[in-house]
Amino acid sequence: MQSEEYELMAAAEDHMWWFTGLHDWMLDRIQKLSLPAGAKVRTQRRYGLPEDLSGKRVLVRVDFNVPLEGATITDDTRIRAAVPTLKAILAQKPRSVALMSHLGRPKGGPDPKYSLKPVAPVLAEQLGVPVAFADDCVGEVAEAVVAALPEGGVILLENTRFHPTEEKNDLDLAQRMA
């Protein structure tokens, strides 16, 4: 039996977390993230953007698992599919937009052939705005690049699967990503 898909949104102060395509069995795990005290959490079955993202930091999980030959993307369908949603988010004037994705199945850690770096310029061209790139999806490297973004800036974080625990639903990694 296929489970229903949900989206989960949580907001606190100037931050917004938005997860889409979640299945009912995932909701419980996601809601255990260490969100700030007083964070408002909402889940719903239908898709749609939150009503007010202005001035907020937005984290979006996207599907940029695109085929590559070396550093060349051979099919950008998944990137093009995300562009309308990302443009709708940017139209609401968020403080920043951070994008997370996986690419392939690297074994045991970072592998340059699975880097999302080639996606950033293609996405920038399709979005019509600069897209920064962080060499990690968590930690000081990612935090520094996100902090340096201009108002309304977009950043693509490095492959989430470079962290071996990503596929194991590691709660600590999820908290660091949030």
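Procedures and definitions
- Residues numbered from 1 in each chain as written.
- Predicted model: local features only at pLDDT ≥ 70, side-chain atom pairs only at ≥ 80, totals over all residues.
- Heavy atoms only, no water.
- Helix = DSSP H or I, 4+ residues; strand = E, 2+ residues; numbered from the N terminus.
- Buried < 20%, exposed > 50% of the residue type's maximum accessible area, 1.4 Å probe, protein only.
- Contact = heavy atoms within 4.5 Å.
- Salt bridge = Lys/Arg side-chain N within 4 Å of Asp/Glu carboxyl O.
- Pairing = 2+ DSSP bridges.

With that settled, the discussion passes to the overall build of the chain. The secondary structure content of the chain amounts to 5 helices and 9 strands. Taken from N to C terminus, the helices and strands of the chain fall in the order β-β-α-β-β-β-β-α-β-α-β-α-β-α. Burial status across the chain gives 43% buried among its 178 residues. In the chain, 66% of the contacts between residues at least 6 apart in sequence involve partners at least 24 apart.

Bringing the pattern of salt bridges into the picture now. This structure, assessed with the given rule, holds 3 salt bridges. A salt bridge links Arg-78 to Asp-63; the nearest nitrogen and oxygen atoms lie 3.3 Å apart. Remark: Asp-63 occurs in the loop between strand S4 (57-61) and strand S5 (68-69) and Arg-78 occurs in helix H2 (residues 77-91); sequence separation between them is 15 residues. The exposure class assigned to Asp-63 is partly exposed, which follows from its relative accessible area of 38%. For the salt bridge of Arg-80 with Asp-76, the shortest nitrogen-to-oxygen distance reads 2.7 Å. Note on Arg-80: relative accessible area 45%, which makes it partly exposed.

Attention now goes to the pairing of strand S7 (residues 96-100). Two faces, one strand: in a regular strand the side chains alternate between the faces of the sheet. The buried fraction of S7 is high, at 5 of 5 residues. Burial along S7 is two-sided: the residues Ser-96, Ala-98 and Met-100 and Val-97 and Leu-99 are all buried. For S4 and S7, the ladder comprises 5 bridges, and the chain directions are parallel. Paired with Val-58 across the bridge in S7 is Val-97. Across 4 bridges, the pairing between S7 and strand S9 (residues 153-157) is parallel. Pairing of Leu-99 across the sheet is with Leu-156, part of S9.

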